[in-house]
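# Analysis of the macromolecular model
Listed here are the chains, written in short residue letters.
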Amino acid sequence: ALVEAATSGSSKFFAGTDSAPHETVAKESACGCAGVYTAHAAIELYAETFDNVGKLDLLEGFLSQHGSKHYGLEQNQEKVTLVKKSWTVPKKYNFGEGDLVPLRAGESVAWSIAE
């Protein structure tokens, strides 16, 4: 249902992330911190999802137009270019005194931001 809503093209739905950057030791404990770290690949993961359901043409609205319209903000004029080029998410990132495990650690993501 979430993917269907996000990829519907409706301006009621737009990107948002809760990156939850907590060290592994804080996540993997009896009262671990909630959330999933996605900042490393949020745009690429959205692109993969939209592509998987054949709605890639609606990605720009979801990522960069609907949210600013909803909040009455000026649209950002900067652009990023996405390419269908697979890459592997690192198993962990250094963070503070420890590390954190990102969403899809050690797995591949089908889309990349062009350099």
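Our subject in this report is the structure included herewith. Source: prediction; values computed, not measured.

## Looking at the nonpolar core
The biggest cluster of nonpolar side chains holds five residues, and these are Ala47, Phe50, Leu59, Phe62 and Trp111. Mapped by element, the contributors of at least two residues to this core are helix 3 (42–52) and helix 4 (59–71). Apart from residues no more than four positions distant in its own chain, leucine 59 is found in contact with Tyr46, Ala47, Phe50 and Leu82.

## Things to note about the packing of aromatic side chains
Applying the stated rule across the entire model yields four aromatic pairs. Between phenylalanine 14 and tyrosine 71, the aromatic rings sit 5.9 Å apart at their centres with planes inclined by 75°, giving edge-to-face as the arrangement. Separated by 57 residues along the polypeptide, phenylalanine 14 in the loop between helix 1 (2–6) and helix 2 (24–27) and tyrosine 71 in helix 4 bring together distant segments of the chain. With a relative accessible area of 23%, phenylalanine 14 lands in the partly exposed category. Residue tyrosine 71 is classed as exposed on the basis of its relative accessible area, which comes to 56%.

The rules behind each value
- Residues numbered from 1 in each chain as written.
- Predicted model: local features only at pLDDT ≥ 70, side-chain atom pairs only at ≥ 80, totals over all residues.
- Heavy atoms only, no water.
- Core = buried A, V, L, I, M, F, W, Y, C linked by side-chain atoms within 4.5 Å.
- Buried < 20%, exposed > 50% of the residue type's maximum accessible area, 1.4 Å probe, protein only.
- Helix = DSSP H or I, 4+ residues; strand = E, 2+ residues; numbered from the N terminus.
- Contact = heavy atoms within 4.5 Å.
- Phe/Tyr/Trp six-rings, centres within 6.5 Å; stacked < 30°, edge-to-face > 60°.

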